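What follows is each chain in one-letter form.
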Amino acid sequence: MIVVSKEIGEQWAETNVCSECGGRLTLAWGGSYGEKSHVLICANSKAHKGIARPFHLAPADNPAFNLYDVNKDRRKELTEKIGEEKTKALEQYEQKTNLGEIQARTIIQSIWPDAPIHAVLRGALICHQYGLNPLMKHLALVKFHSRTTNRDTWEPIIAIKGSRIIAAPQGCWSYLDDSPRAMMEIEGLKILGEDEYDPTNNYYSICKLKDMATGREASGIGVVGKDESIYGTDKGNTPRNQCNIRSERQALDRLYPDSQPKDVDVTDENYLGEPAGVCAKTLDTPDKKTIDTVQGEVVNTPEPSEPVPTPQADTSKYGHIDASFVDDALSRLKRGWPQTEIYKHLKEKYLVTGSKLTDAIAKLTNNQAAEFTKELQSRLDLL
Ligand SMILES: [Zn+2]
């Protein structure tokens, strides 16, 4: 039984089920239970608490449906951008989610003719490997403009819809506890700890998922810096929405481990606009904030109320790099490569930031850390 307001109760009864047994929820007046409020009760047991919102793939995202209107609207948008001839040539690939790499490349090059080849190839590989289609707005190439370097970079970004499509064959999941939603302070301090949790400078969201068949649960955290430029604000996207999406994507990747492509940001397809319009948009290079170093959030649980363990930071390492090596290198390189320059280098090359240089270093992925270590070593060798 959950105590709720009438409005919220009506909404949850319609969209959610019991998170413990999947049973239907009924809204009732709680008088006979000693509550001066409405209550939501599971049809199977009054003792059950918790709500779960089951995920369903929308018909428009299912390649088995050939939605004439969807294709018609999309073609119209595309024709305005790339002309009738090119749009016609792409018609054969509509509603296909088993594109070959070359087919995906053809589509991407037609829609984003200005994109450099490495971004095209990366996008094509993701489409081919994960069954995505840019014509269905599962993936887009976006041009980011860095004000600091005054240079443009192109990157594939995946729509959250694309992330769900990738995860869908792995199981049936539900969103617990009305998530994704803003993370409460108490959750932030518990999960991230005082050092990592920084609500003054960041937005945080949490997404909790449960695979109803296996009972497995996982949660993900999304972070958006308050100074971060995010995609689609001109079309109504908000930092909170972006933050929610990142938390959902991380939760999906944890519920079905390694199901999602690595090092690709995610966005809301509703703010992507028409596929061909994306390349006209420029953004300041965003800081991609993920909390990959946080361990212990995947809870293999039959016990949903179990508290999430606070991660123990490995103090001998900054992410993937030995802390003593970094400390030593930074002090020896002081004059040759000042810390402010290193920080700038990391921010521009790997899009990592932090309140301290070592925080940024800790956010490097395994490969980036290896590359950065080599760089430090080669500069030390010159001393
Ligand atoms: Zn129940």
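Since this is a predicted model, take the numbers as computed values, not measurements. (Residues numbered from 1 in each chain as written. Predicted model: local features only at pLDDT ≥ 70, side-chain atom pairs only at ≥ 80, totals over all residues.)

Scanning the chain from N- to C-terminus turns up 13 helices and 15 strands. Burial statistics for the chain: of 383 residues in total, 35% are counted as buried. A sequence separation of at least 24 residues applies to 67% of the contacts in the chain between residues at least 6 apart. (Helix = DSSP H or I, 4+ residues; strand = E, 2+ residues; numbered from the N terminus. Buried ≥ 20, exposed ≤ 12 C-beta atoms within 10 Å, placed from the backbone. Contact = placed C-beta atoms within 7 Å.)

Take tyrosine 175: it is sitting in strand β8 (residues 173–176). Tyrosine 175 gets classed as buried once you count the C-beta atoms within 10 Å, which come to 22. Note: C-alpha distance between tyrosine 175 and arginine 53 (122 residues apart in sequence) is 4.9 Å. When neighbours within four sequence positions are excluded, tyrosine 175 is seen to be in contact with Ala52, Arg53, Phe55, Cys207 and Leu209.

The next thing to look at is the packing of helix α6 (residues 160–167) against helix α9 (residues 239–255). Look at α6 against α9: their axes get within 10 Å of each other, and the N-to-C directions meet at 15°. In terms of axis orientation, α6 runs roughly parallel to α9. Note on packing geometry: the crossing formed by α6 with α9 is left-handed. Between α6 and α9, the contacting residues are Ile160, Ser163 and Ala167 on the first element and Ile245, Glu248, Arg249 and Leu252 on the second. In terms of residue class, the contact of α6 with α9 is made up of four nonpolar, one polar and two charged. (Axes fitted to C-alpha atoms, helices over the stretch in contact; angles between N-to-C directions. Parallel < 35°, antiparallel > 145°, perpendicular 65-115°, else oblique. Left-handed = near helix turned anticlockwise from the far one by under 90°. Nonpolar A, V, L, I, M, F, W, Y, C, P; charged D, E, K, R; others polar.)

The omega angle of the peptide bond from serine 179 to proline 180 is 0°, so this bond is cis rather than trans. One can find proline 180 in the loop between β8 and β9 (181–182). Its identity is not glycine, yet aspartate 263 carries a phi of approximately 55°, on the positive side. Tracing the sequence through the fold places aspartate 263 in the loop between α9 and β12 (266–267).

This paragraph deals with the sheet that holds strand β4 (residues 38–42). With antiparallel pairing, three strands are arranged side by side in an open sheet as β1-β4-β3. The sheet terminates laterally at β1 (2–4) and β3 (25–29), the two strands that pair on one side only. With strand direction ignored, the average angle separating the axes of adjacent strands in the sheet is 35°. Of the strand pairs in this sheet, β1 and β4 are connected by three bridges, and their pairing is antiparallel. From the neighbouring strand, valine 3 faces β4, where its bridge partner is valine 39. Lying over the sheet, helix α1 (residues 6–15) contacts β1, β3 and β4, oriented at roughly 160° with respect to β3. (Pairing = 2+ DSSP bridges.)

The next point concerns the pairing of β4. Across the five residues of β4, five count as buried, placing the element largely inside the fold. The alternating pattern of β4 places His38, Leu40 and Cys42 and Val39 and Ile41 on opposite faces, both of which are buried.

Further remarks concern the packing of helix α4 (residues 101–111) against helix α5 (residues 117–130). When two helices pack together, their arrangement is captured by the angle between the axes and the distance separating the axes. At their nearest, the axes of α4 and α5 sit 8 Å apart, and the two run at 130° to each other. As judged from the angle between their axes, α4 and α5 are oblique. In this structure, α4 crosses over α5, and the sense of that crossing is right-handed. On α5, the residues that touch Glu101, Ala104, Arg105, Ile108 and Gln109 of α4 are Val120, Leu121, Gly123, Ala124, Leu125, Cys127 and His128. Counted by class, the contact of α4 with α5 contains seven nonpolar, three polar and two charged residues.

Atom-level detail of predicted coordinates should not be read off regions where pLDDT is low. Averaged over every residue, the pLDDT of the chain is 83; residues scoring 70 or more account for 86%. This stretch, residues 274–313, has a pLDDT under 50; its non-local contacts, to residues over four places away or in other chains, come to 93 contacts. (pLDDT = per-residue confidence, 0-100.)

With that out of the way, let us pick up the environment of lysine 161. With respect to the helices, strands and loops of the structure, lysine 161 is situated in helix α6. For lysine 161, a count of 23 C-beta atoms within 10 Å translates into the label buried. Residues lysine 161 and aspartate 61, 100 residues apart in the sequence, show an inter-C-alpha distance of 8.0 Å. For lysine 161, the residues in contact, after removing those within four places along its chain, are Asp61, His138 and Glu269.

Right, let's talk about the environment of alanine 370 for a bit. Tracing the chain through its elements places alanine 370 in helix α13 (residues 366–381). The class of alanine 370 is partly exposed, set by 13 C-beta atoms lying within 10 Å. In this structure the C-alpha to C-alpha distance between alanine 370 and isoleucine 321, which are 49 residues apart in sequence, comes to 7.9 Å.

Take the nonpolar core next. One finds Leu25, Ile108, Cys127, Leu139, Leu209 and Leu255 to be the most contacted residues of the largest nonpolar core, which totals 59 residues. Counting only domains with at least three residues in this core, you end up with domain 1 (2–52) and domain 2 (59–284). The next biggest cluster of nonpolar side chains, apart from the first, holds 16 residues, and it includes Ala329, Leu351, Val352 and Ile361. (Core = buried A, V, L, I, M, F, W, Y, C linked by C-beta atoms within 7 Å. Domains from an automatic or database assignment.)

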